[in-house]
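Residue-level structure breakdown
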Amino acid sequence: MITMDMLRSVALFAAFDDEHYARLAMRAAEVTLLPGEYLIYQGEAPAFFVILAGKLALTKRIGGREQPIATRTIGDYFGEVPILLGVSSPVNARATEPVRVLRLGADEFRALLADLPAFARTVCEEMLRRVSGGQRIAIAAPTSLLTLVADPWDPTAYRLRDFLARNKVLFDWQPPDVVLREDASAAVHPSISTPTPHIRFHDGTSLFTPTLRTLAERLELPTVPGAHEYDVAIVGGGPTGLSAAVYAASEGLHTLMIERVAPGGQAGTSSRIENYLGFPTGIAGEDLGSRAWDQAVRLGADIVLARDVVALTPGAACHAISLDGGDSVRARTVLLATGVDWRHLVVPNIDHFLGRGVYYGAARTEARACRGADVYLVGGGNSAGQAGTSSRIENYLGFPAGIAGEELGRRASDQAVRLGAD
Ligand SMILES: Cc1cc2nc3c(=O)[nH]c(=O)nc-3n(C[C@H](O)[C@H](O)[C@H](O)COP(=O)(O)OP(=O)(O)OC[C@H]3O[C@@H](n4cnc5c(N)ncnc54)[C@H](O)[C@@H]3O)c2cc1C
């Protein structure tokens with residue numbers, strides 16, 4: 001419970017008189033946290049907080065990772081900027097030691113500002129300072145975490161690019177010849193005598209031809225279940241799996257979701273989804289996936305990425321779920337939300353060119369590989385339209401599947417011959 005004595009010790013409230021202290025003590029709540037617990041998550045409705053004891057780390061999800069932004073300690077306050085701008089919390093706040101916080105809801109905070117002009121002035125001056133600091137952060141971030149050194153037509157690199165892009169990990173991408181030239185002009189020993197694709201992290205470390213799991217682990221994405229047994233295990237992290245994870249976890253069920261690539265599934269590759277409930281102006285598919293992931297994790301679900309469910313063994317009380325690489329977990333209920341796979345083109349030898357100029361789906365990362373080239377879209381539905389417009393592909397030519405068969409076959413075989421096929 002917040003007492004008037006507690007409030008008297010806070011510098012922000014120094015100009016208050018006893019009546020103000022009494023009013024604030026009535027409206028405010030006291031929140032206590034243990035180290036590691038979250039006070040607020042990015043995207044939640046904002047509130048105003050004053051730290052009475054302990055220390056909090058403010059973090060933000062940038063480029064697929066939770067990155068530190070600032071720390072707040074005893075006497076500091078925050079939350080006024082999103083309340084006054086009418087937006088959701090732009091940051092997570094996590095206790096790094098035992099913490100006691102005064103919490104004021106948005107309406108109570110606004111009422112306090114209206115009652116106390118001197119307090120409103122102090123808070124607004126600080127808010128202006130923080131907004132200009134926030135602009136600097138917004139301009140400076142996000143930065144890429146790594147450089148992928150790979151030939152544009154390397155199919156292994158395509159899988160890595162797709163994985164990084166769909167997990168919102170920002171990266172640069174350089175062909176090996178450019179890197180060799182840069183190394184030569186910087187007079188450093190060439191660093192890519194080893195096989196490509198090669199990933200250079202900006203801290204100087206490297207991975208050579210990594211698996212998705214190795215890359216995910218290096219990026220500190222979750223790849224191993226936190227427990228051996230769950231109430232519910234969900235296979236697949238598209239919209240169906242994510243919704244199930246949110247609802248199961250929110251009902252207090254111990255929930256695990258296993259996804260082989262990235263949260264969002266097919267929807268994660270959509271540039272804009274216009275018909276999802278609750279987003280009246282639409283939402284980018286990758287944002288839908290990452291927001292649903294945040295929501296599921298906040299409600300207590302475990303999520304594992306870059307892992308494939310390879311076998312299910314039914315049991316009387318519990319079913320066994322085997323993951324690639326050897327782990328297995330048990331769950332009382334298993335929900336299969338594995339979605340659908342693409343309908344594959346019936347063109348001779350086409351599989352040989354997957355990731356080398358032939359793609360299913362149209363990730364934005366591929367637009368760069370296709371720049372300056374003629375691009376043929378097979379299929380005339382929604383996804384083809386999005387691929388043509390949102391990828392900003394130059395020289396885009398669309399072919400509805402029904403009428404493109406012969407022409408497509410000719411073009412595909414021309415390209416196959418150019419790439420060295422018999
Ligand atoms: C480009 C594009 C645009 C679209 N736009 C719209 C739109 O605007 N509106 C709309 O309503 N619909 C749209 N759709 C369709 C919509 O995305 C799908 O209907 C929806 O994603 C289906 O959801 P799902 O979770 O059932 O399956 P999916 O999205 O297919 O997800 C299944 C997930 O399961 C994972 N998985 C499969 N097997 C395993 C395994 N063994 N182990 C671990 N993981 C596994 C997959 O990696 C995948 O992530 C679009 C689709 C595409 C491709």
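Definitions and cut-offs
Residues numbered from 1 in each chain as written. Predicted model: local features only at pLDDT ≥ 70, side-chain atom pairs only at ≥ 80, totals over all residues. Heavy atoms only, no water. Near = heavy atom within 4 Å. Polar contact = N/O pair within 3.5 Å; in protein donor to acceptor, adjacent residues only side chain to side chain. Areas by Shrake-Rupley, 256 points an atom, 1.4 Å probe, with all protein chains shown as cover. Helix = DSSP H or I, 4+ residues; strand = E, 2+ residues; numbered from the N terminus. Expected span 1.5 Å × (residues − 1). Buried < 20%, exposed > 50% of the residue type's maximum accessible area, 1.4 Å probe, protein only. Core = buried A, V, L, I, M, F, W, Y, C linked by side-chain atoms within 4.5 Å. Domains from an automatic or database assignment. Salt bridge = Lys/Arg side-chain N within 4 Å of Asp/Glu carboxyl O. Contact = heavy atoms within 4.5 Å.

An unreviewed UniProt entry annotates the protein chain as Thioredoxin reductase originating from uncultured Chloroflexia bacterium.

1. Comments concerning the site of the ligand
Taken together, 28 residues lie near the ligand, and Thr240, Glu259, Gln266, Asn275 and Val309 sit nearest. Separating an oxygen atom of the ligand from a side-chain N or O atom of Glu259 is a distance of 2.7 Å. The separation between an oxygen atom of the ligand and a polar side-chain atom of Gln266 is 2.8 Å. In the complex, 78% of the free accessible area of the ligand, which totals 1000 Å², lies under the protein chains. Counting only elements with at least two residues in the shell around the ligand, the list comes to helix H9 (239-250) and helix H12 (382-390). For the shell around the ligand, the element with the most residues is H12, which contributes three residues.

2. As for helix H6 (residues 155-166)
End to end, H6 covers 16 Å across 12 residues, agreeing with the expected 16 Å (1.5 Å per residue, within 8%). Considered for burial, the residues of H6 that qualify are Ala157, Tyr158, Leu160, Arg161, Asp162, Phe163, Leu164 and Arg166. At the N-terminal end of H6, a side-chain oxygen is found 2.8 Å from the backbone nitrogen of Thr156, two or three residues along, and the residue is Asp154. Remark: Lys168 follows H6 within two positions and exhibits a positive phi of approximately 60°.

3. Things to note about the nonpolar core
Counting residues in each nonpolar core, the largest one holds 38 residues, and the members touching the most others are Leu146, Phe163, Ile199, Leu215 and Leu219. Breaking this core down by element, the ones donating at least two residues are strand S9 (146-149), H6, strand S10 (171-174), strand S11 (198-201), helix H8 (212-218), strand S13 (229-235), H9 and helix H10 (285-298). Considering each element in turn, this core owes the most residues, six residues, to H9. Residue contributions to this core reach at least three from each of two domains, namely domain 2 (146-217) and domain 3 (229-336).

4. Brief notes about the pattern of salt bridges
Applying the stated criterion across every chain, the model contains 20 salt bridges. Here Arg260 ties to Asp308 by a salt bridge, and the two come within 3.1 Å at their closest N and O atoms. Taken together, the positions of Arg260 in the loop between strand S14 (255-258) and H10 and Asp308 in the loop between strand S15 (302-304) and strand S16 (309-313) put the pair 48 residues apart, joining distant regions of the chain. Across the pair Asp324 and Arg307 runs a salt bridge whose closest N-O atoms are separated by 3.2 Å. Taken together, the residues Asp324 in the loop between strand S17 (319-323) and strand S18 (328-336) and Arg307 in the loop between S15 and S16 connect sequence positions 17 residues apart. The buried category is assigned to Arg307, whose relative accessible area is 1%. If you follow the salt bridges from partner to partner, you end up with Arg213, Glu217, Arg307, Asp324 and Asp327 in one network.

5. A few points about H9
Along an α-helix, residues three or four apart share an orientation, since each turn contains 3.6 residues. With 12 residues, H9 extends 16 Å between its outermost C-alpha atoms, agreeing within 8% with the 16 Å of an ideal straight helix rising 1.5 Å per residue. Of the residues making up H9, those classed as buried are Gly241, Leu242, Ala244, Ala245, Val246, Ala248 and Ala249. Two residues or fewer after H9 comes Gly252, characterised by a positive phi angle close to 85°.

6. Concerning unusual backbone geometry
The phi dihedral of Lys168 is positive, around 60°, even though this residue is not glycine. Along the polypeptide, Lys168 turns up in the loop between H6 and S10. If you check the backbone angles, Ala306 has positive phi at about 60° while not being a glycine.

7. Overview of the environment of Thr281
Relative to the helices and strands, Thr281 is located in the loop between S14 and H10. Among the residues examined, Thr281 registers a relative accessible area of 62% and is labelled exposed. When residues no more than four places from it in sequence are discounted, the contact partners of Thr281 are Arg272 and Glu274.

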